[in-house]
Amino acid sequence: MDRREFLKQFTLYSTGSIMMAPIFNIIPSVMAKNDQPQLIVGVHPNYALLVQKTLAPLGGMSAFVKKGDRVVVKPNIGWDRTPEQSANTHPQIVKTLVELALNAGASKVQVFDRTCNVDRLCYTNSGIKQAVESINDKRAVCEFIDDRKFIPVTIQKGKALKEWPFYKDALAADCYINVPVAKHHRLAGLTLGLKNVMGVIGGERGKIHTNMGQYLADMSTVLKPNLTVIDATRILLQNGPQGGNLNDVKILHTLIATTDPVAADAYATTLFGKKPEDIDSTKAAYTMGLGEMNLDKMIISRV
Amino acid sequence: MKPKRMFQSTIIRRISQIFFLLLFLFLFRNTDYPGQETIPYAVNLFFCWNPLIAVSVMLIAKTVMVIFLPAIGIVVLTIIFGRVFCSWMCPLGTLLDMFQRFIPGTHTRGNTHFPDIRYSVFILTIMSALAGLQLVGFVDPFSILFRGLTFVVDPLMNIILVGFFDYLYLHAPEWISGLSEPVYQALKKTILPYQCVYFLSVSLSFCILFVIFSLEIVDRRFWCKKICPLGALFSILSRFSLLKRSPKKMCATCNQCATMCRMGSFDPEGHHLADNCSRCMECVQSCPQDRIGFHFKFNQKAMTHTSISRRHFVSSTMMGAILPLINTIDAQHKQPHPYLLRPPGAQEENIFQDLCVRCGECMKVCITNALQPTLLESGWTGLFVPQMIPRLGYCEFNCHLCGQVCPTGAIQQLNMDQKHQAVIGKAYFDKNRCLPYAQQTSCIVCEEHCPVYNKAIHYDTVRVKNKDGNMIEIKQPYVVEDRCIGCGICENKCPISGEAAIRVMVYKPKKFSYNLF
């Protein structure tokens, strides 16, 4: 190799490495937990009260949100459906969580989801946009997904999935609160907390469907919510994940809160008369040591 | 009475021009999802008050349509004041005037010898409409302008600005992007469209606009005084206009009026032609002798000049009758295109093509960018008629904006229940490519997205041998045909690359025939 060739190749290589998309290495702090996860199941028809009541045994919102924290509340706003149709998280649940986070001193609370239908229709018709805006606090924003914020992340603990783009704001949050709605889903069986990560990932999400259970478990090694609140105020029993027919909806006035994402899903499964191991993603995440799946190894308190 | 010199007329006219241009652009920008189910005001106003579109649509439909009521206002305005629309209101005219300022030397250029074909174009359009072929969309200035803005100008402006700000956001140092991002967000809230949109064959629409603007180099308002059929209609109405110019003839010593007149409304002998004159009042203002004025006169005949010979009149009438006839033997009627999907609520194909004025409103408003211009799929006469291309965008279940903005009812206005049942087509699987069938891989993304409440896509759970030779359980989807509304979300979201493994086809395509006798 002569000098000219060396310089040429050097230039090409360095240009290439500069132009390459930045890759974030996020080492998940996933540790096998020795202590049993605490899981709270609240029931109350007033959803603002329900949220407060359910979070209280875990120490309230101030146990998760410190003063000045940037908080992400991630509901399911996936579908262009109304709150009664039960395809999205109930707007009152989202609103109350945002309010509690603000009261706990959050510097910013973001609410977003990558939708399946057109984003503007989903945000409006789910009632979530109006609910967040009705708080009338500049720190609380319900914003559309900005495609520029998806960054490729290496999934080091992934078994089947090695890299996938994630939403920057979700990764950078000081406190990430996952607020899925519990509902039926033909492929996944049910869609619960782990499946809700679909709303903060980029790329072609259809590809996730080829091996959904394991892929979801892999992705939850990257993004571990500080708090999972499953909205089971009303659940969609069939024709999910969109539903539409009010006859498919069952009203439960129930909310599940825990810090263990796998335990949350495992318990929510029982509301549908199923066993935790029926859901592939729950099983895969449990196998990877991401949380507890056995109901008898959780401390379940009903309020 | 001595004519009063109107110092301010040019300024007032420009204010009027700018006002109507801004109104046009405002309505253009608001031809979009308004944050609620229905658009609260008539964003298609410019098409509703367009008498050319009104006449041709009502002739082809052979009914009276209430939506065109505002056009009567414009007709009355023209009968009173003459062809004022062209110099005071027309957004295309305003844009041409603005563009013309950048071309040196056109002020002093005389009239070209290109014949005035406005009347021929007008008669051709009207006659074809009467005989059953809608050509108005190809020649109406609003249709051309709105389409051009929708397909080319707006997406291009958006992608350039978005690209610029995205580059700063992704690559510039933080202090720069910290400055640029608030500007970007402010622009997004005001003048930028909500999303980047893409259309088929945008170059074609660009070329049409490009030619019209380039002709301005040949002569001022070339399009308006030589081609525009709407201008021809206004000229015909202008013959009866009450506002008349005096003197009726140019002074023998000075021909300044003729050289500066943008509409070329003086004949070679120097007579003022009331039907060509657009009452821009430039001659009044610039007359060195202060001799010119416009006054209301009721029983005085003005000099007019309908520049169409008997021969041209007859030939354009004949052509207008023959073109629809020729169209009837087009093969599209025998075998309609199987993938040519029309918007929800579209009339039956032949009525749909008749009523559609190719204005592009529906394609502008479509929230998923699904509606695209038809090219030659249904013959040249179907050019620019909207079609849905599911791979580019699907029909959103709870959206019926296209029917709300359609000025002619080619796409009918539906309520939400009607929309939920409006059948665009039917979906069919290609089992040779569908993952659960062809590769024994689980998928059913289509089933998940199907918006029909009880799902138009179901599946069988079957045990199959996969590539590794293991028996696995897999869900193989199928379409429940009588539930499918052909919204195309399945085709849109199908994760395989290239053509989807599920495609929406025209449902029982009706052969339409032209009743000659």
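Computed from a prediction, not measured in an experiment: that's the story for all the values here.

### Quick word on the overall build of chain B
Turning to step 1, where the next piece is worked out: Scanning chain B from terminus to terminus reveals 23 helices and 8 strands.
Turning to step 2, where the next piece is worked out: Principal-axis analysis of the C-alpha atoms places the extent of chain B at approximately 100 × 75 × 35 Å.
Turning to step 3, where the next piece is worked out: Buried residues in chain B amount to 54% of all 517 residues.
Turning to step 4, where the next piece is worked out: Restricting the contact set of chain B to residue pairs at least 6 apart, pairs at least 24 apart contribute 75%.
Turning to step 5, where the next piece is worked out: Approximately 23700 Å² of chain B is accessible, and the part contributed by carbon and sulfur atoms is 64%.
Turning to step 6, where the next piece is worked out: A gap of 11 Å separates the mean positions of the 50 positive and 34 negative side-chain charges of chain B.

### Some words on the nonpolar core
Turning to step 1, where the next piece is worked out: By size, the foremost hydrophobic cluster in this structure holds 124 residues, and its most contacted members are Trp49(B), Phe85(B), Phe142(B), Trp223(B) and Ile502(B).
Turning to step 2, where the next piece is worked out: Sort the elements by how many residues they give to this core and helix 9 (residues 141-171) of chain B lands first, with 7 residues.
Turning to step 3, where the next piece is worked out: Composition of this core by domain shows at least three residues from each of domain 1 (9-137 + 229-296) and domain 2 (333-505) of chain B.
Turning to step 4, where the next piece is worked out: Each residue touching Phe142(B), except ones within four places of it in the same chain, is listed here: Phe46(B), Phe47(B), Trp49(B), Asn50(B), Phe85(B), Cys90(B), Pro91(B) and Leu230(B).
Turning to step 5, where the next piece is worked out: One finds Val111(A), Phe112(A), Ala170(A) and Val197(A) within the second-largest nonpolar core, a separate group that totals 64 residues.

### Comments concerning helix 2 (residues 47-55) of chain A
Residue and element names in this part refer to chain A.
Turning to step 1, where the next piece is worked out: Inspection of helix 2 places Tyr 47, Leu 50, Val 51, Thr 54 and Leu 55 among the buried residues, and these make up the whole buried set. Along the axis of helix 2, the buried positions cluster into a sector of 115°, meaning they face one direction only.
Turning to step 2, where the next piece is worked out: Buried residues in helix 2 make contact with strand 2 (38-43), helix 3 (91-103), strand 11 (227-236) and strand 12 (249-258).
Turning to step 3, where the next piece is worked out: The opening residue of helix 2 is Asn 46, an N-cap whose side-chain oxygen sits 3.1 Å from the backbone nitrogen of Ala 48.

### A few points about the packing of aromatic side chains
Each pair of aromatic rings is reported with the distance of its centres and the angle of its planes.
Residues and elements named next belong to chain B.
Turning to step 1, where the next piece is worked out: Applying the stated criterion across every chain yields a total of 27 aromatic pairs over all chains.
Turning to step 2, where the next piece is worked out: Ring plane angle 75° and centroid distance 5.8 Å describe the contact between Phe 47 and Phe 146, whose orientation is recorded as edge-to-face. Of this pair, Phe 47 sits in helix 2 (residues 45-48) while Phe 146 sits in helix 9, and the two are 99 residues apart along the sequence.
Turning to step 3, where the next piece is worked out: Judged by its relative accessible area of 1%, Phe 47 falls in the buried class.
Turning to step 4, where the next piece is worked out: Taking 6.3 Å as the distance between ring centres and 35° as the angle between the ring planes, the aromatic pair formed by Phe 138 and Trp 380 counts as tilted. A residue pair is termed long-range when its members are at least 10 positions apart, and Phe 138 in helix 8 (residues 136-139) and Trp 380 in the loop between strand 3 (371-373) and strand 4 (386-388) qualify at 242 residues.
Turning to step 5, where the next piece is worked out: Taking relative accessible area as the criterion, Trp 380 reaches 46% and is therefore assigned partly exposed.
Turning to step 6, where the next piece is worked out: Pairwise contacts between aromatic rings join Phe 19, Phe 20, Phe 24, Phe 28, Phe 46, Phe 47, Trp 49, Phe 85, Phe 142, Phe 146 and Phe 234 into one cluster.
Turning to step 7, where the next piece is worked out: The ring of Phe 384 carries Arg 147 above its face, with NZ or CZ at 4.0 Å from the centroid.
Turning to step 8, where the next piece is worked out: Just above the ring of Phe 28 sits the side chain of Lys 364; from NZ or CZ to the centre is 5.0 Å.

### As for the packing of helix 6 (residues 91-100) of chain B against helix 11 (residues 202-218) of chain B
Residue and element names in this part refer to chain B.
Turning to step 1, where the next piece is worked out: For the pair helix 6 and helix 11, interaxial distance at closest approach is 10 Å and the crossing angle is 50°. In terms of orientation, helix 6 lies oblique with respect to helix 11. The hand of the helix 6/helix 11 crossing is right-handed. In this structure, helix 6 contributes Leu 92, Leu 95, Leu 96, Phe 99 and Gln 100 to the contact, and helix 11 contributes Ile 212, Phe 213 and Glu 216.
Turning to step 2, where the next piece is worked out: Among the residues forming the contact of helix 6 with helix 11, the class breakdown is 6 nonpolar, 1 polar and 1 charged.

### Quick look at the environment of Phe122(B)
Residues and elements named next belong to chain B.
Turning to step 1, where the next piece is worked out: If you trace the backbone, Phe 122 turns up in helix 7 (residues 118-131).
Turning to step 2, where the next piece is worked out: Assessed through its relative accessible area of 11%, Phe 122 is described here as buried.
Turning to step 3, where the next piece is worked out: The spatial distance from the C-alpha of Phe 122 to the C-alpha of Asp 140 is 9.7 Å, given a sequence separation of 18 residues.
Turning to step 4, where the next piece is worked out: Excluding anything up to four places from it in sequence, Phe 122 contacts Leu 52, Pro 229, Ala 232, Leu 233 and Ile 236.

### A short note on the interface of chain A and chain B
Turning to step 1, where the next piece is worked out: With 32 residues of chain A in contact, the opposing surface of chain B contributes 38 residues.
Turning to step 2, where the next piece is worked out: Among the residues of chain A in contact with chain B, Arg120(A), Arg148(A) and Arg186(A) are the three that bury the most area, contributing 30% of the side total.
Turning to step 3, where the next piece is worked out: For the interface between chain A and chain B, the tally reads 4 salt bridges.
Turning to step 4, where the next piece is worked out: Inspection of the region where chain A meets chain B yields 22 residue pairs in polar contact (both at pLDDT 80 or more).
Turning to step 5, where the next piece is worked out: In terms of residue count, the dominant contributor to the side of chain A that touches chain B is helix 4 (residues 119-125) of chain A (5 residues).
Turning to step 6, where the next piece is worked out: Looking at side-chain class alone, the side of chain A that touches chain B contains 7 nonpolar, 14 polar and 11 charged residues.

### Section: a nonpolar patch on the surface
All names here are of chain B.
Turning to step 1, where the next piece is worked out: Judged by side-chain polarity, Val 66, Leu 69, Ile 72, Val 76, Ile 80, Phe 81, Phe 296 and Phe 298 come together as a nonpolar surface patch covering roughly 790 Å² of accessible area.
Turning to step 2, where the next piece is worked out: Top element by residues in the nonpolar patch is helix 4 (residues 69-81). It accounts for 5 residues.
Turning to step 3, where the next piece is worked out: Mapping Phe 81 onto the fold places it in helix 4.

### Section: unusual backbone geometry
Turning to step 1, where the next piece is worked out: The omega torsion of the bond from Gly240(A) to Pro241(A) falls at 0°, within 30 degrees of zero and hence cis.
Turning to step 2, where the next piece is worked out: Of note, the amide linkage connecting Ser246(B) to Pro247(B) takes the cis form, showing an omega dihedral of 0°.
Turning to step 3, where the next piece is worked out: Its location among the elements puts Pro247(B) in the loop between strand 1 (243-246) and helix 14 (256-260).
Turning to step 4, where the next piece is worked out: Non-glycine residue Ser86(A) carries a positive phi angle of around 70°.
Turning to step 5, where the next piece is worked out: Positionally, Ser86(A) belongs in the loop between strand 3 (70-75) and helix 3.

### Some remarks on the state of the cysteines
Joining two cysteines, a disulfide is a covalent bond between their sulfur atoms.
Turning to step 1, where the next piece is worked out: With the rule as written, the count across this model stands at 0 disulfides over all chains.
Turning to step 2, where the next piece is worked out: Unpaired in terms of disulfides, Cys362(B) finds its nearest cysteine sulfur in Cys359(B), a separation of 6.2 Å.

### So, the side chain of Asp69(A)
Residue and element names in this part refer to chain A.
Turning to step 1, where the next piece is worked out: With respect to the secondary-structure elements, Asp 69 resides in the loop between helix 2 and strand 3.
Turning to step 2, where the next piece is worked out: For Asp 69, which is buried and forms no salt bridge, the nearest opposite charge comes from Lys 66, at a distance of 6.4 Å.
Turning to step 3, where the next piece is worked out: Apart from the residues within four sequence positions on either side, Asp 69 is in contact with Phe 64, Gly 105, Ala 106, Ser 107, Lys 108 and Asp 174.

### What to know about the pattern of salt bridges
Turning to step 1, where the next piece is worked out: What the rule picks out here adds up to 21 salt bridges over all chains.
Turning to step 2, where the next piece is worked out: The salt bridge partner of Lys74(A) is Asp113(A), with a shortest N-O separation of 3.0 Å. Linking Lys74(A) in strand 3 with Asp113(A) in the loop between strand 4 (108-111) and helix 4, this pair joins segments that are 39 residues apart in sequence.
Turning to step 3, where the next piece is worked out: With a closest N to O distance of 3.1 Å, Arg118(B) and Asp116(B) form a salt bridge.
Turning to step 4, where the next piece is worked out: We classify Arg118(B) as buried; its relative accessible area is 0%.

### Quick notes on the environment of Cys287(B)
Turning to step 1, where the next piece is worked out: Turning to its location among the elements, Cys287(B) is positioned in the loop between helix 15 (282-286) and strand 2 (293-296).
Turning to step 2, where the next piece is worked out: In this structure, the C-alpha to C-alpha distance between Cys287(B) and Cys254(B), residues 33 residues apart in sequence, is 9.6 Å.

### A closer look at the packing of helix 1 (residues 9-29) of chain B against helix 6 of chain B
All names here are of chain B.
Turning to step 1, where the next piece is worked out: One way to put it is that helix 1 packs onto helix 6 with a least axis distance of 9 Å and a crossing angle of 120°. Once helix 1 is placed against helix 6, the crossing between them reads as left-handed. Residues Arg 13, Gln 17, Leu 21 and Phe 24 of helix 1 pack against Pro 91, Gly 93, Thr 94, Leu 95, Asp 97 and Met 98 of helix 6.
Turning to step 2, where the next piece is worked out: Across the contact of helix 1 with helix 6, the residue classes break down as 5 nonpolar, 3 polar and 2 charged.

### As for the domain arrangement of chain B
All names here are of chain B.
Turning to step 1, where the next piece is worked out: Domain boundaries in chain B define domain 1 (9-137 + 229-296) and domain 2 (333-505).
Turning to step 2, where the next piece is worked out: Placing the centre of domain 1 and that of domain 2 at their C-alpha centroids yields a distance of 42 Å.
Turning to step 3, where the next piece is worked out: Facing the 25 residues of domain 1 at the interface are 21 residues of domain 2.
Turning to step 4, where the next piece is worked out: Around 1900 Å² of area is buried between domain 1 and domain 2 when both sides are counted, 67% of it from carbon and sulfur atoms.

What counts, and at which threshold
Each chain carries its own residue numbering, running from 1 in the direction its sequence is written. Chain labels run from A onward and ligand labels from 1 onward, assigned in the order the entries are written. With pLDDT at 70 or above as the cut-off, local features in this predicted model cover only qualifying residues; side-chain atom pairs require 80 or more to be listed or tallied, and sums for whole chains, interfaces and linings still use all residues. The side-chain quantities take in all heavy atoms of the structure and omit both hydrogens and water. Counting from the N terminus, the helices are the DSSP runs of H or I reaching at least four residues and the strands are the DSSP runs of E reaching at least two. Burial status follows relative accessibility: with a 1.4 Å probe on protein chains alone, a residue under 20% of its type maximum counts as buried, one over 50% as exposed, and anything between as partly exposed. Contacts are residue-level and defined by heavy atoms, with any inter-residue pair within 4.5 Å sufficient. The accessible surface values rely on the Shrake-Rupley method and a 1.4 Å probe; as for residues, cover is taken only from the protein chains in view. Note that His is not counted, nor are the chain ends; the positive residues are Lys and Arg, and the negative ones are Asp and Glu. In plain terms, the charge of a residue is placed at NZ if it is Lys, CZ if Arg, CG if Asp and CD if Glu. Residues belong to one nonpolar core when they are buried, are Ala, Val, Leu, Ile, Met, Phe, Trp, Tyr or Cys, and are joined through side-chain atoms within 4.5 Å. Domain start and end points were adopted from an automatic or database domain assignment. Arc, as used here, means the arc of the directions from the helix axis to the C-beta atoms. For the purposes of these results, a polar contact is taken to be a pair of N or O atoms within 3.5 Å, where, inside protein, one atom must be able to donate a hydrogen and its partner to accept one; residues adjacent in sequence count only when each atom of the pair is a side-chain atom. When the centres of two rings from Phe, Tyr and Trp lie within 6.5 Å, Trp using its six-membered ring, the rings pair. Their planes under 30 degrees apart give stacked, over 60 give edge-to-face, and anything left gives tilted. Here, a charge over a ring means that NZ of Lys or CZ of Arg falls within 6 Å of the ring centre while also lying within 35 degrees of the ring normal. Helix axes are fitted only over the stretch in contact, all axes being lines through C-alpha atoms; the angle between N-to-C directions runs from 0 to 180 degrees. Angles are sorted into four bins: roughly parallel if under 35 degrees, roughly antiparallel if over 145, roughly perpendicular if 65 to 115, and oblique for all others. Here a crossing is called left-handed whenever its near helix is offset anticlockwise from the far helix by less than a right angle, and right-handed whenever the offset is clockwise. Gly is placed with the polar residues, together with every amino acid not listed as nonpolar (Ala, Val, Leu, Ile, Met, Phe, Trp, Tyr, Cys and Pro) or charged (Asp, Glu, Lys and Arg). The term buried area means the drop in 1.4 Å probe accessible area that two parts suffer when joined, counted for both and summed. Only one rule defines a salt bridge in this text: a Lys or Arg side-chain nitrogen within 4 Å of an Asp or Glu carboxyl oxygen. Patch membership requires more than 30% relative accessible area and the absence of a salt bridge. Residues of like charge join within 9 Å; the nonpolar side chains Val, Leu, Ile, Met, Phe, Trp and Tyr join within 5 Å. Any pair of cysteine sulfurs within 2.5 Å is marked as a disulfide.

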